[in-house]
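# A structural walkthrough
Here is how the chains run, residue by residue.
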Amino acid sequence: MQHQSIDLHNPIYYQNRELSWLDFNERVLAEAEDPTNPLLEKLKFLSIGSSNSDEFFKVRVAGLQDQLRLGVKDPDSKKQWSPEKQLDVISKKNKTIVRYQYDLYDQNLKELAKKNVLFKHIEDLDESALRQAKNIFRNHIKPAITPFGVDAYRPFPHLNDEVIHLFVRLKKSGSPFIAILPVPLLIERFHILEEKDTKVVLFTEEILFKFLNELFIGYEVEYSFTFRITRNADLELQEEGAEDLLSVIEDYLLKRKNGRAVRLEVDVRTASSTFKEDVTYLMEELDLLERDVYEISGPLDLTVLSNIASELKTFITTEAFQNFTPKYPNILNKQNIFELSEKQDIFLHHPFDSFQPVIDLVRQAVEDPNTIAIKQTLYRVSDTSPFIEALKKAARKDIQVTVLVELKARFDEANNVHWARELEESGAHILYGIKNLKTHSKATLIVKKDHRGFKRYAHLGTGNYNEQTAKLYTDMGVITTNKKLTQDVAAFFNYLSGYSEQPTYNYLHVSPFEMRDSFIDNIEMEITLHKQYGNGHIIAKMNSLTDKKMIIKLFEASQAGVKVDLIIRGICCLIPGIPGVSENIQVHSIIGRFLEHSRVYYFYQNGNEELYLSSADMMTRNMIKRVELAFPILDGPWKKYVINILKLYMYDNTKAWELEPNGRYTKKLANSDNPVGSQQLLMNHF
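Let me sum up the structure you'll find in this document. Remember, it's a predicted structure, so these values are computed and weren't measured experimentally.

What follows covers the pattern of salt bridges. With the rule as written, the count across this model stands at 41 salt bridges. The salt bridge partner of K553 is E556, with a shortest N-O separation of 2.9 Å. Of this pair, K553 and E556 both sit in helix α16 (residues 548–559), three residues apart, which is roughly one turn of the helix. The exposure class of K553 is buried, given its relative accessible area of 11%. One salt bridge connects E628 with R626, and the closest N-O pair in it is separated by 4.0 Å. Residue E628 is classed as buried on the basis of its relative accessible area of 0%. In the salt-bridge network here, residues are joined through shared partners; they are D54, R228, R263, E265 and D301.

The three strands are arranged β1-β6-β5 in an open sheet whose pairing can be described as mixed. Of all strands in the sheet, those with a lone pairing partner are β1 (117–119) and β5 (190–195), marking the two edges. Between one strand axis and the next, the sheet turns through 25° on average, direction left out of account. Taken together, the three bridges between β1 and strand β6 (residues 198–203) define a ladder with parallel strand orientation. Opposite F119, over in β6, you have V201 as the bridge partner. Packing of helix α3 (residues 83–113) onto the sheet brings it into contact with β1 and β6, and relative to β1 it is tilted by some 140°. Each of β5 and β6 touches helix α5 (residues 204–211); the most contacted strand, β6, lies at about 70° to it.

Below, the discussion takes up the nonpolar core. By size, the foremost hydrophobic cluster in this structure holds 112 residues, and its most contacted members are F119, L545, L566 and L574. If you count residues domain by domain, this core takes at least three from each of domain 1 (12–319) and domain 3 (510–685). Residue contacts for L566: discarding those within four places in its chain leaves A540, L545, L554, L574, I585, Q586, V587 and H588.

Right, let's talk about the packing of helix α1 (residues 17–30) against helix α2 (residues 39–69) for a bit. At a closest axis distance of 9 Å, the pairing of α1 and α2 adopts a crossing angle of 170°. On the basis of their axis angle, the class for α1 and α2 is roughly antiparallel. Listed contacts from α2 to R17, E18, W21, L22, F24, N25, V28 and L29 of α1 are F45, L46, I48, G49, N52, S53, F56, R60 and L64. Tallied by class, the residues present in the contact of α1 with α2 amount to ten nonpolar, four polar and three charged.

Parameters and conventions
- Residues numbered from 1 in each chain as written.
- Predicted model: local features only at pLDDT ≥ 70, side-chain atom pairs only at ≥ 80, totals over all residues.
- Heavy atoms only, no water.
- Salt bridge = Lys/Arg side-chain N within 4 Å of Asp/Glu carboxyl O.
- Helix = DSSP H or I, 4+ residues; strand = E, 2+ residues; numbered from the N terminus.
- Buried < 20%, exposed > 50% of the residue type's maximum accessible area, 1.4 Å probe, protein only.
- Pairing = 2+ DSSP bridges.
- Axes fitted to C-alpha atoms, helices over the stretch in contact; angles between N-to-C directions.
- Contact = heavy atoms within 4.5 Å.
- Core = buried A, V, L, I, M, F, W, Y, C linked by side-chain atoms within 4.5 Å.
- Domains from an automatic or database assignment.
- Parallel < 35°, antiparallel > 145°, perpendicular 65-115°, else oblique.
- Nonpolar A, V, L, I, M, F, W, Y, C, P; charged D, E, K, R; others polar.

Here it is as structure tokens:
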């Protein structure tokens, strides 16, 4: 087929990034009706969907609103939609998704009722439970509550992000009054009460509704409803001229708390005749439009469901996932991790393989008197990170410790500022990254003295050095002593720490720019070889695909007849299956118990298979606005293993979705004779 006349920039071949993200979140919510998931896990998926949505509004919607206010009318690069158009379609689509979410919430509550767990309104409590609720109010809620009247002497209060607020209509001597009552985040959002053999879940706002009269003595409470706002967290970080990026970040965090409101959620269940008037009043005070308002028939902020599910787990033990313990590799129980890595590469696939060997690598290096240097990149770490403690100890022992702490890791800035200060105080040399770029790479280098001079050991991975998320995210990594690869890692750290142009590497591909160029080169080679041998195949697994240059190159591969399989958990701006454009491309999405986080890029190359793991997605921000790594799997057996994992994902028919040529996702239907659940099979294997 001749493709010269096809314009690959045509917007009909692309999906808008924001709508594709909404599709992803809808797939997450759909897990709340998947019969293969236990009931309490369904609640957690509803919680995850709400958490995802909060971040989406804080960052993506906030960014579009900023463009609109600044008069920016530039369209997006793929659908050619203006910011105004994008905000309109986001609002329309997301309001439908929110209704779907609350329908699922109601369905799951009916199932919980069959298990003797009831979510009740306070009016429906029996006398015993009502006494419990009254005691909770007087001892645990009332002392921490501060209502704010709104009148000529009391201006409209600052409303904090994500806090549940009560809007209260009052009356005294026939005159109307308004008060706003924030529910502090440190107050428990829910309470589990006892009614005979039943567990009753009662939200804190229900208790407040019942006892509001105790907070407004001398006034009549006419009615109240809950509302919640989301604020812009995508404020621009000004690095220019900053001598101390730590101070800049701290100032930035203070400003973010006061970001402009971008969304208003209101619970309509207690709406009265003046409800619309009250919502309009809030919209005017917050400078919001109708499309920014979400009227919800249910409790606001379903992120709370995750904690509720955890509390209920002891009561209905069969309705949660069975515990899964990551396996510590048998071979490492028999050999020292450094000695083994000198003989072979050690490949780790989390969470199926334990993350402990990565921790052990650093800890054992600290205890070895031959260790002279430890270098590591840290993007997101846990609150009790074993890496931080090990690195502090190493610095105190006069090991040269160099740590790149990425202060600009969104929503982890405060945590990373804290760790940067602690590491500096211990004597470690701290890097804050490269100006105007986030360093998202995952790399560790350990240098030891040996009889020939020194020996390098490296760990490279697709995920963060975070032992908590390593139990929940699928990621891959390798521990290696390959001379050329460890030489590359050493050069990479020198590039980060000193003044240097990006070096020429043996094996590593490093963004900005060079990683995208190398992927384009690989795709072009695949096209060339396919024209010669007819066996071209590309498999790419990632979180998101948004980079237009990469999409066009994949279109060109499809046009040349190369088979392209994309395994994309989240955003995908490429539409597959379009004749003459993408008919040889399939897009799979796995949504399961674990968050699919590993990035893997495979090129068949007529049997000379190239396989890369990476910290980067095929997103423009990863390709040209971050410092990222892609590294090869050089060990033959491990290469074969990873390729088989990719193929397993493509055969998944229990947790997989497929993107259709119409831009919609459909769930793969499980074959009852041969159900394939990739994550479950991997758990069984390990």
